[in-house]
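Chain by chain, the residues:
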Amino acid sequence: MWMGTHPRGDAVITNTCISVKTLGQWITSNLTSLGSRVKETYQDLPFLFKVLSVNTALSIQAHPNKELAAKLHAQAPEHYPDKNHKPEMAIALTPFQALCGFRPVEEIVGFLQKVPELRSLIGNEAAAQLEQSVGQDPQAVSSALRVGFTKMMKSEKAAFEEQLRVLVKRISQEVAEGKDVTESNGELLLKLHGQYPGDIGCFVIYFLNMVRLEPGDAIFLGANEPHAYLNGDCVECMACSDNTVRAGLTPKFIDVTTLCDMLNYTPAPSSSKLFPPMADEEDPYVSIYNPPVPEFKVLQIKIPSTVHFYMVTNIDSASILLVVKGKAQGNSLASKSDIFLHRGSVVFISANESLSLELSPAEDLLMFRACCAL
C-alpha cells in the first residue's frame, strides 16, 4: 500500500467534498499545506509511506545515491523512473526477517569452509583472498568482499545452477536424515530455492546478514546498502522515489553489473543494522524514528485504551497518519466533518494543523505518522 504523491501510486482522496481525485493534485493547488520549509525545498511531499506484507522474498536490491540515480535515469528511464535517491526505513509490525548489509568477513569465510558449493562457485582465488583478509585493514576486507561477491553474482548461469542443484540436493538429504543444517544456512536456502528455483539470489544468503525484527524494531537502509525483505509485515518510509537496482530473487529487470559496482562493501554484524527509536521528550506516547536524511522521519504513536482524548499535535510539515490498531473519532479545523479512524485508515494532515481524537475504550490505539524532518 502506497501513501504519498509518487506518480506510480498517487494516493486517492476518498472525501467526495474535494473536487480533485488524488493527493498530488490537491497539494499542487495547496502548496502551503506542505509547510514553509518543505514547500521551499521540495515543492511536493518529499517522502513515500508504505505498508508491505511480505509472504514471498522481495528482490536482492540496493538503492542508488542521487548522483547515480540521475545517471541511471538518463541512461534507462524505463528501468529507473526517478532522478531521486531512495533511502528507506522499515518498521516491523509483526516478526520480520530481512537480509541487510554484508556479514562480518569471518562469517563468510566460515560458509566457504562449510558450503563447498559456494567455494566452487566463486573460485579458489577469490576464496583465498577472503580468507586472507580476516584481521586485515578495512580496505583489504572491502576489496576481498567486492571480488568474491562480484565473482559469484557474475558467474555463468550454467555454473551457478549446477552448484545450486548440488547444494539443494545435499541440504535436502541432510534435512531428511534429521541433521542440523544451521551451519550451512540450510533452512533459508531451501525456502528461497522453493520460491525462486535456480536463482543466483539463493547464494547471497552467505554474504548478507540475516536481521530479525520484532514489532517496533526498525532498520534504515542508506544508498548502496544491499538488502532483501524475506517475510513479515512492516510500515516503510522512504524518499519519494521508485529507483531500485535488482540482481536476484525477482522476475523483474536485473542489473548485476550496476549493483556490484555501486554496493557498500563494509561488513558489520547484524545487530548494528537495527535502528532504534528515541522517546519523545514532550509526549510519552510517541517514539521517533529519525534517520540521517532530511526527507522523512516516522513517529510511532501508541496510546493505551485508558486514555480517552489525545491531540495529534501540529508541526511545520505535511504528514500522513496511518492507523494500525484501535478506533477513534477525529476532529480538526480543516475537516468539514468528523473523521472516523479505524485499522487501515489513512489521513493527510496539512502543516500546522492538529487533529483531536476521542478514543474508543475497547483497545489501545497504534498509529504511525510520517513527516519531513526539515
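Computed from a predicted structure; not experimentally measured.

Engineer: What is the right way to read the sheet that holds strand β14 (residues 319–325) from this model?
Structural biologist: By way of backbone hydrogen bonds, the strands of a sheet pair with one another, either parallel or antiparallel. Strands sit in the order β10-β11-β12-β19-β14-β17 across an open sheet of six strands; the sheet is antiparallel. Looking along the sheet, the strands with just one partner apiece sit at the ends: β10 (278–279) and β17 (346–349).

Engineer: Is there a simple way to think about helix α8 (residues 186–195) in this case?
Structural biologist: In an α-helix, one turn spans 3.6 residues; hence positions three or four apart end up facing the same way. Among the residues of α8, Gly186, Leu188, Leu189 and Leu192 are the ones counted as buried. Taken down its axis, α8 places every buried residue within 160° of arc, on the same side. Counted as exposed and oriented over 90 degrees from the buried face of α8: Glu187 and Gly194. Here the buried face of α8 lies against β5 (96–102), α7 (157–176), β6 (208–213) and β8 (227–239).

Engineer: Even after reading the chapter, I still don't get the state of the cysteines, so can you show me in this structure?
Structural biologist: Every disulfide links exactly two cysteines, by a covalent bond between their sulfur atoms. Inspection of every chain in the model, using the stated rule, returns zero disulfides. Residue Cys260 stays outside any disulfide, its sulfur separated by 16 Å from that of Cys202, the closest cysteine. Cysteine Cys371 remains unbridged, with the sulfur of Cys372 as its closest cysteine sulfur at 7.5 Å. The class for Cys371 is buried, based on a relative accessible area of 1%.

Engineer: Would you mind going over the packing of aromatic side chains with me for this structure?
Structural biologist: Given two aromatic rings, their pairing is described by the distance between the two centres and the angle made by the two planes. Applying the stated rule across the entire model yields 10 aromatic pairs. Judged by centre distance (6.1 Å) and plane angle (70°), the ring pair of Tyr285 and Tyr310 falls under edge-to-face. Of this pair, Tyr285 sits in the loop between β10 and β11 (286–289) while Tyr310 sits in strand β13 (residues 309–312), and the two are 25 residues apart along the sequence. In this structure Tyr285 comes out as partly exposed when scored by relative accessible area, which is 27%. Feature note: the residues Phe102, Phe149, Phe207 and Tyr265 constitute an aromatic cluster, connected by ring pairs.

Engineer: Is there a simple way to think about the nonpolar core in this case?
Structural biologist: Within soluble globular proteins, side chains that are nonpolar tend to cluster in buried spots. If you look at the biggest cluster of nonpolar residues, it comprises 57 residues, and the most contacted ones within it are Leu118, Leu130, Phe149 and Met152. Residues within four places of Met152 in sequence aside, it is in contact with Leu118, Leu121, Ile122, Ile200, Phe203, Val204 and Phe207. Listed in part, the 28 residues of the second largest apolar core include Leu45, Phe275, Ile320 and Leu322.

Engineer: Would you mind going over the pattern of salt bridges with me for this structure?
Structural biologist: Taken as a whole, this structure holds 10 salt bridges when the rule is applied. Of the charged contacts in the structure, one is a salt bridge between Lys86 and Glu88, with a shortest N-O distance of 3.9 Å. In terms of burial, Lys86 and Glu88 fall into one category: buried. Its salt-bridge partner being Glu162, residue Arg165 comes within 2.8 Å of it at the nearest N-O pair. One end of the pair is Arg165 and the other is Glu162, both in helix α7 and three residues apart, which spans about a single turn. Owing to a relative accessible area of 45%, Arg165 belongs among the partly exposed residues under this scheme. Of the residues examined, Glu162 reaches a relative accessible area of 36% and is grouped as partly exposed. In the salt-bridge network here, residues are joined through shared partners; they are Glu117, Arg170 and Glu174.

Definitions and cut-offs
- Residues numbered from 1 in each chain as written.
- Predicted model: local features only at pLDDT ≥ 70, side-chain atom pairs only at ≥ 80, totals over all residues.
- Heavy atoms only, no water.
- Pairing = 2+ DSSP bridges.
- Helix = DSSP H or I, 4+ residues; strand = E, 2+ residues; numbered from the N terminus.
- Buried < 20%, exposed > 50% of the residue type's maximum accessible area, 1.4 Å probe, protein only.
- Arc of directions from axis to C-beta.
- Contact = heavy atoms within 4.5 Å.
- Disulfide = S-S within 2.5 Å.
- Phe/Tyr/Trp six-rings, centres within 6.5 Å; stacked < 30°, edge-to-face > 60°.
- Core = buried A, V, L, I, M, F, W, Y, C linked by side-chain atoms within 4.5 Å.
- Salt bridge = Lys/Arg side-chain N within 4 Å of Asp/Glu carboxyl O.

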